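What the coordinates show
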Amino acid sequence: MNESTVKMPWAKHVGDVPLHLDYFEGSMFDKVVQVAQKYPRNIAFDFMGKSTTYRELVSQTEKCAKALRTIGVREGDKVTIAMPNCPQAIYMFYAINLIGGIANMIHPLSAEKEIEFYLNESESVTAITLDQFYNKFESVRENTKVVNIIIASIKDALSKPIKAGYMLTEGLKIQRIPKDAPVIRWKEFIKLSEHCFYKYKVERQSDDPAVILYSGGTTGTTKGIVLTNKNFNALSQQIVASNPMFRPGDKMLSAMPLFHGFGLGVCIHSMLAEGGRCILVPRFTAESYAKLITKYSCNFIAGVPTLYEALLRLPSMDGANLSSLKGVFSGGDSLSIELKKKLDRFLYDHHAVIQVREGYGTTETVTACCLTPPNRFKEGSIGVPFPDTYIKIVRPDTDEELPYGEEGEILLAGPTVMKEYLDNPEETEQVLRKHADGLTWVYTGDLGSMDNEGFVYFKGRAKRMIVSSGYNIYPAQIENILDSHDKVQMSCVIGVPDSYRMQKVKAFVKLAANVPANESTRQELLSFCSKHIAKYAMPYDIEFRDDLPKTLVGKVAYRMLEEEELAKLNAAETSDVDVPDVADIEKANPEE
């Protein structure tokens, strides 16, 4: 494509980063095998003190692939992975790829009805999850096409000393699965590989579908995003190209979850496809995150702003030496200018010679497709596009490109753009549009601007969405659930500013006739929500209203409710009332 068709004045400012790359043609697993052949003894990942080499990663993945073939999984079949960041999830992810299947990645803490939706939306034939989530899967299984459920356990991936301690603590909390439960346990599953002798490998092309991740799309309704081998492999090459300080063997703290593009694309596949070393974190807190950075002398860390904000307040970080860090990346939500300043000062005080670099992207492009360069920073900017990635600002919902500095809708194009929304051609056509320049552009629904040097500035979201601790939460989904309850006439869900999570979820409800607006009703609705909504998206409060404010066309005026809540917060901050600290609230409500 002729460069003149797209404005790219930032090219002269990217330093060591090339403008174009030659992309690997093959599957994700092929890319990892290529690394394993070059560095067989290098450590691919560490998990709770136990290391796995690239040679072992390939060997275990092949066993897992043979086992999948033995239980009947075939090319094009979907397999759901509902797992934290642990070895079995890594093996299964690449094994599905090896046999030509499609990995359907979902949050293991999803509510039962969400799990049922994901299994049916993807038409998964097999699912793998941890023992502690067995009951949720079993309760919805008969409503799906799932034939086999594979049950893994964290203890199976631990070294003997760590395993003993785990069984005395976390292991005691896990409800025992009946011996006659219709599942395949992980060890039994791997043994099934002995019954497959050949024809388990399927050659896949770079443009073949490989992964399904979930997002709200442009309408806020959950949709499966179909991503290809090339989407992920191109991302890995772009990330390494944009970080010329990276070397094979460098360690990435992989705490971001693998059911999210940020975790799967940046923290795991980009490392394993380029010879990096992942420090897998199955469940983390700011305390454990901080401990692992120093324990492993990590070279790269990635996280959401709320995580970094918590990191700044940890006494355990006093005196910590962070000189090993080569890259600190922030994504998932806007990093405020003030928090960036605090974090940069924190890094300097702890012997790091780098600053935090903000990125931007959407699940429709796997994850990040724009990153602050290592050698140049502009206040308030989310950086410049990756190699071969194009960004332009248009008048919302048109193809009319706007002048530099003018705010409009952010459009993305490049090798990481998704294949489609799963079984949803209407929204695919709405979001993916081909322009006269020959490129297919993603209409993000996000607002921003670009300066005359190609630096992009994120201004806000055109589509209604709540971002809490890096998770995208779509109010319409929660409203649909509340409205389905027979005691609710109407609801409205908004995001309330929160100093730790950025936003937390609050619901306003107009009850059906003759339903009492009391605590019993509130708890009944919260309990109902907990069965259908993941924990991170649960409302922290439900406020009853005799009526909800309306716009001139009769829609619920959610912006009016947002302004009311903001006014309350401002009043509380300026009054003499002692407002409890967020940390105290967390202690009192550990489930929040």
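Going by the structure above, here's the rest.
One structure accompanies this document, and this report is about it. Just so it is clear, the structure is predicted and the values come from calculations on it, not from any experiment.

For the rest of this paragraph, the subject is the environment of A67. Turning to its location among the elements, A67 is positioned in helix α2 (residues 54–70). Look at A67 and you get buried, because its relative accessible area is 0%. Residues A67 and F189, spaced 122 residues apart in sequence, show a C-alpha to C-alpha distance of 6.2 Å. For A67, the residues in contact, after removing those within four places along its chain, are F189, L192 and S193.

In this section: the sheet that holds strand β10 (residues 251–254). Taken in spatial order, the nine strands line up as β2-β1-β11-β10-β12-β13-β14-β15-β16 in an open sheet, and their pairing is mixed. Strand pairing shows two members of the sheet lacking a second neighbour, β2 (50–53) and β16 (384–385), which therefore form its edges. Relative to strand β14 (residues 356–361), strand β13 (residues 327–330) runs parallel, the two sharing three bridges. Looking at β14, one finds that S330 is bridged to E358.

Moving on, we come to the packing of helix α11 (residues 286–295) against helix α12 (residues 305–312). For the pair α11 and α12, interaxial distance at closest approach is 9 Å and the crossing angle is 80°. The angle between α11 and α12 places the two elements in the roughly perpendicular class. Side by side, α11 and α12 meet where A286, Y289, A290 and I293 of the first sit next to L307, Y308, A310 and L311 of the second.

Further remarks concern the pattern of salt bridges. In this structure the tally under the stated criterion is 32 salt bridges. Here E564 makes a salt bridge to R545, at a shortest N to O gap of 2.7 Å. Separated by 19 residues along the polypeptide, E564 in helix α17 (residues 558–574) and R545 in the loop between β27 (541–544) and α17 bring together distant segments of the chain. Residue E564 is classed as partly exposed on the basis of its relative accessible area, which comes to 29%. Between E565 and K568 there is a salt bridge, and its shortest N-O distance comes to 3.1 Å. Here the residue E565 and the residue K568 both occupy positions in helix α17, the gap between them amounting to three residues, near one helical turn. Given a relative accessible area of 6%, E565 falls into the buried group. Here the salt bridges share partners, and the residues they tie into one network are K506, E519, R522, D541, E543, R545, E564, E565 and K568.

Turning our eyes to something else, we now look at the pairing of strand β4 (residues 102–105). Covered by surrounding structure in β4 are I102 and N104 together with A103 and M105, the residues of both alternating faces. Relative to β4, strand β3 (residues 78–82) is paired through four bridges, and the arrangement is parallel. Bridge assignment links K78 to a residue of β4, and that residue is I102. Pairing of β4 with strand β8 (residues 209–215), which is carried by two bridges, proceeds in the parallel orientation. By the bridge assignment for β8, N104 is matched with I212.

Pairing within the open sheet is mixed, and its eight strands lie in the order β7-β6-β5-β3-β4-β8-β9-β19. A single partner strand is all that each edge strand has here, and the edge strands are β7 (184–185) and β19 (420–421). The pairing of β8 with strand β9 (residues 223–228) spans six bridges and is antiparallel. The partner of S215 across the bridge, within β9, is K223.

Looking now at the nonpolar core. By size, the foremost hydrophobic cluster in this structure holds 125 residues, and its most contacted members are I81, M92, M105, W186, F189 and L272. When residues of this core are assigned to their parent elements, the largest contribution, nine residues, is made by helix α3 (residues 87–98). Once residues lying within four places of it in the same chain are set aside, the contact partners of M105 are I81, F93, V211, I212, L213, Y214, L258, F259 and L264.

This part is about the packing of aromatic side chains. The tally for this structure, following the rule as stated, stands at nine aromatic pairs. Between F117 and Y118, the aromatic rings sit 5.7 Å apart at their centres with planes inclined by 65°, giving edge-to-face as the arrangement. With a centroid separation of 5.6 Å and an interplanar angle of 40°, the aromatic rings of W186 and F189 are classed as tilted. With W186 and F189 both in helix α8 (residues 186–191) and three residues apart, the pair spans about one turn of that helix. By the burial criterion, W186 is buried, and F189 matches it. Ring pairs connect the aromatic residues F117, Y118 and Y214, which therefore count as one cluster. Lying across the ring of F377, K340 places its NZ or CZ 4.3 Å from the centre.

So, on to helix α9 (residues 229–241). Its 13 residues place the ends of α9 18 Å apart at the C-alpha level, agreeing with the 18 Å of an ideal helix rising 1.5 Å per residue. With eleven of 13 residues buried, α9 lies mostly within the body of the structure. Buried residues of α9: N229, N231, F232, N233, A234, L235, S236, Q237, Q238, I239 and A241, and no others. In this structure, the buried side of α9 is in contact with α1 (28–38), α3, β8, β9, α10 (261–272) and β15 (368–371).

Scoring rules and cut-offs
Residues numbered from 1 in each chain as written. Predicted model: local features only at pLDDT ≥ 70, side-chain atom pairs only at ≥ 80, totals over all residues. Heavy atoms only, no water. Helix = DSSP H or I, 4+ residues; strand = E, 2+ residues; numbered from the N terminus. Buried < 20%, exposed > 50% of the residue type's maximum accessible area, 1.4 Å probe, protein only. Contact = heavy atoms within 4.5 Å. Pairing = 2+ DSSP bridges. Axes fitted to C-alpha atoms, helices over the stretch in contact; angles between N-to-C directions. Parallel < 35°, antiparallel > 145°, perpendicular 65-115°, else oblique. Salt bridge = Lys/Arg side-chain N within 4 Å of Asp/Glu carboxyl O. Core = buried A, V, L, I, M, F, W, Y, C linked by side-chain atoms within 4.5 Å. Phe/Tyr/Trp six-rings, centres within 6.5 Å; stacked < 30°, edge-to-face > 60°. Lys NZ or Arg CZ within 6 Å of the ring centre and 35° of its normal. Expected span 1.5 Å × (residues − 1).

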